[in-house]
4 protein chains.
Amino acid sequence: MSHNRFGKLLTVTTFGESHGSEIGCVIDGFPPGFPVDREAIMAELHRRATGRSRHTSQRREADEVRIVSGVFEGKTTGTPIALLIENTDARSRDYAKIKDQVRPGHADYTYWKKYGLRDYRGGGRSSARETTMRVAAGALAKAWLAANFDICITGWLAQVGELVFDQEFSGEVNNNALFLPSEDRLAELERYLDALRKSGDSVGARVNVRASGVPAGWGEPVYGKLDAEIAAAMMSINATKGVEIGAGFASVAQKGTQHRDVIENGAFQSNHAGGILGGISSGQDITASVAFKPTSSLRLPAPSVDQFGNAVEVVTTGRHDPCVGIRAVPIVEAMLALTLMDHALRHRGQCGEQPLHPLHID
Amino acid sequence: MSHNRFGKLLTVTTFGESHGSEIGCVIDGFPPGFPVDREAIMAELHRRATGRSRHTSQRREADEVRIVSGVFEGKTTGTPIALLIENTDARSRDYAKIKDQVRPGHADYTYWKKYGLRDYRGGGRSSARETTMRVAAGALAKAWLAANFDICITGWLAQVGELVFDQEFSGEVNNNALFLPSEDRLAELERYLDALRKSGDSVGARVNVRASGVPAGWGEPVYGKLDAEIAAAMMSINATKGVEIGAGFASVAQKGTQHRDVIENGAFQSNHAGGILGGISSGQDITASVAFKPTSSLRLPAPSVDQFGNAVEVVTTGRHDPCVGIRAVPIVEAMLALTLMDHALRHRGQCGEQPLHPLHID
Amino acid sequence: MSHNRFGKLLTVTTFGESHGSEIGCVIDGFPPGFPVDREAIMAELHRRATGRSRHTSQRREADEVRIVSGVFEGKTTGTPIALLIENTDARSRDYAKIKDQVRPGHADYTYWKKYGLRDYRGGGRSSARETTMRVAAGALAKAWLAANFDICITGWLAQVGELVFDQEFSGEVNNNALFLPSEDRLAELERYLDALRKSGDSVGARVNVRASGVPAGWGEPVYGKLDAEIAAAMMSINATKGVEIGAGFASVAQKGTQHRDVIENGAFQSNHAGGILGGISSGQDITASVAFKPTSSLRLPAPSVDQFGNAVEVVTTGRHDPCVGIRAVPIVEAMLALTLMDHALRHRGQCGEQPLHPLHID
Amino acid sequence: MSHNRFGKLLTVTTFGESHGSEIGCVIDGFPPGFPVDREAIMAELHRRATGRSRHTSQRREADEVRIVSGVFEGKTTGTPIALLIENTDARSRDYAKIKDQVRPGHADYTYWKKYGLRDYRGGGRSSARETTMRVAAGALAKAWLAANFDICITGWLAQVGELVFDQEFSGEVNNNALFLPSEDRLAELERYLDALRKSGDSVGARVNVRASGVPAGWGEPVYGKLDAEIAAAMMSINATKGVEIGAGFASVAQKGTQHRDVIENGAFQSNHAGGILGGISSGQDITASVAFKPTSSLRLPAPSVDQFGNAVEVVTTGRHDPCVGIRAVPIVEAMLALTLMDHALRHRGQCGEQPLHPLHID
């Protein structure tokens, strides 16, 4: 990870600003000969899309992805895969009045302090628009992991504000536009979000994710640990404030006899480890949980300063999600997919394709 | 981060097993001409040392660090600084009987599945002994950050099992061997740990850390974010299961109006962001919190398998901390120091040493 | 350097095939606030352009560069600069008949063996069309080096086949389309190339390059040496077969007393070192020389095989330069510029902006 | 490559100064389960050793390598392999009088300008003593390449000063201490070197190297090219001034019809490419040639300056080879082995272990 690049053997470099002509990415190191299904990429982009529900940002983007390179006659060639999406619904005029202002909770001040200047239109580079490219690249990684290892990655909305949903995986997630693990709570959540939008405020969210089918042995000791790189992947998503693997912060109050996952009848009896021991996958489901802060762009005014240090009252009138955590679900999945695929390649680079030890624990 | 290397411009590569002759590291990219105080390294190692309190592992290591290279006439030369510590108190016989066993909660199975073989003595490479090198390298980073930016990094024990201590920074941390933010609770914690040790069980912990004095502008957008790299740094420490920045998981239930840190009288009025916005430091204190799982090495038996798949009962008789989170405090500080120093160098590489924007918010 | 990425702090990732819709690059880590002159990029692209002279490939590309991101109100923002150029004059039909053939001297066989498949149209990823992006990115690096350090980088044609031109720098290089250091030889070279084209054959070339104004102190010891990275940069250009720094292979027959550059009157008395000692710049001109093999695409038939192992006679009828080395001049300059700028940033990252030692040798 | 680290998936980080207590390296990413033969490492070190012949430096080092980590019960564990060699014959007093001087042809001035200070004893970090670690790490890579692919890497002395030896591989190389391809010339070379030593002067050398058995398909397009990384590897060796692949600079005067390696009867009919096309191995022998400058440390005085800018006469009285190129032969082999092994792992990481295309050309 560095600057705008993610991964080591499989790398994704993204570029583009919220209100530039296009947003794009370059995926390098992808294995050759893999069939690319543009519709599968579009389907993932649609899951992430703004405007999909009245509860997410009303910016309406077609998100038509264009495959510029690296695919020939429908298959990856092993050379860089460049993807481009046009920005068609950017309304820069919405941003003219905040161009000199420091929006609380935003990267305005920090970009100024780092770079001396910033593209203020729609948040420029710090906009969540960048995450379209994570989702597009992640769609390829998901497909590769599924085809080669039968790996399935699913995220869901585990909490929104004070509404706590199922913490465990359920099959219902993709039946509803809000990634709820149980449709029973859908109406309740919609009422909650409607009230929130009306109030002009926003709220945080917790997203859980699970990868099933990951073979034992992926990851690297000490600094290239699988959990360390998952943590970085998740924390690199806009608005993330926390990451847990397995039992996460609940481990703090656990006893050792309770936390350690004992093995009986050839199988782990629990999964507090979240499928990772010593930084290396154990073959159990990989489970993580990610905290998203509430959207900072609010029409409710906040005291702040402008770039000259004058006190100002900031009001944001662009189109913004009252809960960014909802749309984050496919982004969390994508980042997990990219991390796992990078480690799949790194593992076979160092250790080869054949299993090196016969022991198997379910 | 990759394999056994941490950092990008300032890199630390560690090597060595728990029961090998030595454990060591190579620090590359350190700025030249900086005075190296071996005693300061020893002091940090002493803070981390096993055997410092009856509540931590009874392995007694002198931890005498030897500076092999990169320092000439007391100053860094800009070339690789290699540090070595001899392992003097390794008792490999303690491990003979578990050499074929999968210890629940340990990396035994995952190392076998990745590599086909493992050095079972004391956990080999997956031992917490490796963290001496993080602390040694971190001592140099701390000194450099203090000398150049007046940055001060302090960690403390915020929770052990169900005992919750102060979550905010306090000056009392280094007055006691258990890194408690308030000495009032020391006797209580000692009683708790005594009972725990007697029971043969272990418990998790939460460690909080704060860096004050970090200038605004460190970090990189999108994937090289400062918080993403702090998350990776923390999650790379043995036994970590969760990382929070600023408000962390509490953000999930926060409203936007509550979370966003407004600016009045030229100063931020709160710090839910934990000093990082858009992946770049804001000049506020950087705050993080890390969850450690309970020690997995227990003398209380657990069902498991051996490497042939036979059911076994695992009992660990080595010398182990009942709460690894205590000794983790200086390690957490070290990882934060290394991450910050790497970003300090990366920032001046791209953006130079002069401030690029005059606005200042306290 | 890795896959399709060049550099460490300043990275350039290129993508695109010869006959894809576009060819592009992402420049990451560029310092913020630097004015971008699109015309300067176009001017460098024009120097490299096919079709500029009757002696280079007759493919006619407008090479209109589009700045997609990373520039705001005419200045770099510090975020990724993406550049795109449309491929407008690709004639894929020229390649249909060689799609199953192994063209001698080309990457056809090796791409098949690595990837199992290849985009045969115009050489796909292995086409020299990729070098437009080196030149475009290099134009930014040149401008930055000139503005910040008054560094001037000039390449010239030092030899074509048996025609040997001036080996030393001369100011006349940019007065002629063939980068000859002396215009006197222009007519002779044109006659030579005309005869060559008529014969259907091609020839190799030597390109020399010089960077003046590079401060002493850039480079890194042992593996990140400035000369090592210049060598890699040059050898990564299509058709390169050799690289020399300073005296290069002439050093083999030199005596030590002759090679070492002695210092009198506060100045180096010669520059056999080529401006680099111990991998670090000395402040003298950096000089390098690069060997280019003759174009492999020839209309003169060659025996070879097809992908099924059948013997075939290969004839290439696309539009190809009889001497690829001519157009390589601006590419060589660009690669030197990118290498130097990356090292400029790396140096100030580790060592800061202030000189650390007062001694100065001219 | 960066600072003091070489490689991407298989990385070697070296540390230590000429006159420090030890010199060492950390090899990370080595495949697990590979038997390590310390004697094979010692044998390679012996080939490189100073004092092996009266024609090389009279510094006498035992070069006893100590394997500190990463090997368990005789096999690699997949974790970092640290190697250490004590410096036993360093005579720092030899260097006291040149501690303030700029030795022409040395890195003294450039280290000062970069770092502000330098360890002057024996050249500190810029000493050729560092190359012991390249040879030690290279011995492991050679063994792995031989065991897994039957790859054989041999270097030889192709030229010393004006004495030109065989440019093609011959089996006699290892029968003599000076790596001559033909023993016939041994006496002549010894007389030449004796005269040289007597005169106090030194001379350059050309080393050729060949790797046979490399499968087709290793390498990466555009920037991670196999030849680009070989060039960097070679140019990172002390005293290197030039690198050629295959026909090298001779390509400049070649015609395309002459250079391109045609295929008849299922086999390449020549190898001007040096076994690499488009940055990827073709299955032919990989051939390279490296130019070494004459030793700069001479007892013949040279005019120079001291660190205060005063004119001085520099005389070097340490023990130095009159031709560093001789001992460079095993170093060149080692660097080629490390580059190839890194690419072997990178290739199977991206493309897997199975051949992806059936065509085979001998």
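Please read these numbers as outputs of a predicted model, since none were measured by experiment. (Residues numbered from 1 in each chain as written. Chains lettered and ligands numbered in written order. Predicted model: local features only at pLDDT ≥ 70, side-chain atom pairs only at ≥ 80, totals over all residues. Heavy atoms only, no water.)

Trainee: I keep staring at the overall build of chain A and nothing clicks. Help me out?
Mentor: Tallying secondary structure elements over chain A gives seven helices and 18 strands in all. Since a compact globule built from 362 residues should have a radius of gyration of about 21 Å, the 21 Å found for chain A is in line with a globular shape. For chain A, the spread of C-alpha atoms along the principal axes amounts to about 65 × 50 × 40 Å. For chain A, with 362 residues in total, the buried portion stands at 71%. Sequence-distant contacts in chain A: of pairs separated by 6 or more residues, those separated by 24 or more amount to 70%. Here chain A displays about 10,500 Å² of accessible surface, and carbon together with sulfur accounts for 48% of that area. With 40 positive and 42 negative side-chain charges, chain A shows a spacing of 6 Å between the two charge centroids. (Helix = DSSP H or I, 4+ residues; strand = E, 2+ residues; numbered from the N terminus. Rg over C-alpha atoms; globule rule 2.2 N^0.38 Å. Buried < 20%, exposed > 50% of the residue type's maximum accessible area, 1.4 Å probe, protein only. Contact = heavy atoms within 4.5 Å. Areas by Shrake-Rupley, 256 points an atom, 1.4 Å probe, with all protein chains shown as cover. Lys, Arg positive; Asp, Glu negative; His and termini not counted. Charge placed at Lys NZ, Arg CZ, Asp CG, Glu CD.)

Trainee: I would appreciate a short explanation of the packing of helix 3 (residues 131–149) of chain D against helix 7 (residues 324–351) of chain D in the present structure.
Mentor: Axis angle and axis distance: for two packed helices, these are the angle between their axes and the distance between the axes, and together they describe the pair. Residue and element names in this part refer to chain D. Where helix 3 contacts helix 7, the axes come no closer than 7 Å and their chain directions differ by 50°. Comparing the axis directions of helix 3 and helix 7 gives the class oblique. Relative to helix 7, the crossing made by helix 3 is left-handed. Residues Thr131, Arg134, Val135, Ala137, Gly138, Ala141, Lys142, Trp144 and Leu145 of helix 3 form the contact with helix 7, whose participating residues are Pro330, Ile331, Glu333, Ala334, Met335, Ala337, Leu338, Leu340, Met341, Ala344, Leu345 and Arg348. Here the residues of the contact of helix 3 with helix 7 sort into 15 nonpolar, two polar and four charged. (Axes fitted to C-alpha atoms, helices over the stretch in contact; angles between N-to-C directions. Parallel < 35°, antiparallel > 145°, perpendicular 65-115°, else oblique. Left-handed = near helix turned anticlockwise from the far one by under 90°. Nonpolar A, V, L, I, M, F, W, Y, C, P; charged D, E, K, R; others polar.)

Trainee: Can you walk me through the packing of aromatic side chains in this structure?
Mentor: Between two aromatic rings, the relevant description is the distance of the centres plus the angle of the planes. The tally for this structure, following the rule as stated, stands at 34 aromatic pairs over all chains. On the numbers, 6.0 Å between centres and 50° between planes, the contact of phenylalanine 30 of chain B with phenylalanine 34 of chain B is tilted. For the residue pair phenylalanine 30 of chain B and phenylalanine 34 of chain B, the accessibility class agrees, reading buried in each case. By the ring-pair criterion, three or more aromatic residues cluster together here, those being Trp144, Phe149 and Trp218 of chain A. (Phe/Tyr/Trp six-rings, centres within 6.5 Å; stacked < 30°, edge-to-face > 60°.)

Trainee: Explanation requested: the relation of the copies chain A and chain C in the structure shown.
Mentor: Related by rotation about an axis and a shift along that axis, the two copies of the chain form a pair. For the pair chain A and chain C, the best superposition has an RMSD of 0.0 Å and corresponds to a rotation of 180° with a translation of 0.0 Å parallel to the axis. Both copies are brought into coincidence by an operation consistent with a two-fold rotation axis. Interface overlap between copies is the fraction of interface residues in one copy that are interface residues in the other; for chain A against chain C it reaches 100%, indicating a shared surface. (Least-squares fit on C-alpha atoms with pLDDT ≥ 70 in both.)

Trainee: Before we go on, may I ask you to explain the sheet that holds strand 8 (residues 152–160) of chain D in this structure?
Mentor: In a beta sheet, neighbouring strands pair by backbone hydrogen bonds and run either parallel or antiparallel. Pairing in this open sheet of ten strands is antiparallel, and the strands run 9(C)-8(C)-10(C)-16(C)-11(C)-11(D)-16(D)-10(D)-8(D)-9(D) from one edge to the other. This sheet does not close on itself; its edge strands, each paired only once, are strand 9 (163–164) of chain C together with strand 9 (163–164) of chain D. Where strand 11 (residues 240–245) of chain D meets strand 16 (residues 286–292) of chain D, five bridges bridge the pair, whose relative direction is antiparallel. Its bridge partner being in strand 16 of chain D, glutamate 244 of chain D is matched across the sheet by serine 289 of chain D. The strands touched by helix 4 (residues 186–199) of chain D within the sheet are strand 8 and strand 9 of chain D, with strand 8 of chain D carrying the most contacts at an inclination of about 55°. (Pairing = 2+ DSSP bridges.)

Trainee: Explain the pairing of strand 18 (residues 311–314) of chain B to me, please; I cannot follow it from the model alone.
Mentor: One face of the sheet, then the other: side chains in a regular strand alternate in exactly this way. Residue and element names in this part refer to chain B. Across the two faces of strand 18 the burial differs, with Val312 and Val314 buried and Ala311 and Glu313 not buried at all. Relative to strand 18, strand 17 (residues 302–305) runs antiparallel, the two being bridged by four bridges. Paired with valine 305 across the two strands is alanine 311, which belongs to strand 18. In this structure, the hairpin formed by strand 17 and strand 18 is closed by a connection of five residues, where glycine 309 is found at a positive phi of approximately 95°.

Trainee: I would appreciate a short explanation of the interface of chain D and chain C in the present structure.
Mentor: Accessible area lost upon the coming together of the parts serves often as the stated size of an interface. Contacts between the two partners involve 114 residues from chain D, matched on the other side by 114 residues from chain C. Carbon and sulfur atoms make up 61% of the area that chain D and chain C hide from each other, which totals about 9,100 Å². Per-residue buried area on chain D facing chain C is highest for Lys114, Tyr223 and Lys241 of chain D; these three make up 10% of the total on that side. Where chain D touches chain C, the interface holds zero salt bridges. Across the side of chain D that touches chain C, the residue classes tally to 54 nonpolar, 38 polar and 22 charged. In this sheet, strand 11 of chain D lies alongside strand 11 (residues 240–245) of chain C in antiparallel orientation, the contact comprising three bridges. From the neighbouring strand, valine 243 of chain C faces strand 11 of chain D, where its bridge partner is valine 243 of chain D. (Buried area = accessible area lost by both parts, 1.4 Å probe. Salt bridge = Lys/Arg side-chain N within 4 Å of Asp/Glu carboxyl O.)

Trainee: Would you mind showing me how to read the environment of glycine 155 of chain B here?
Mentor: All names here are of chain B. Secondary-structure assignment places glycine 155 in strand 8 (residues 152–160). Here the alpha-carbon distance between glycine 155 and leucine 193, two residues 38 residues apart in the chain, equals 20 Å. If sequence neighbours within four positions are ignored, glycine 155 has contacts with Val173, Asn208, Val209, Val329 and Glu333.

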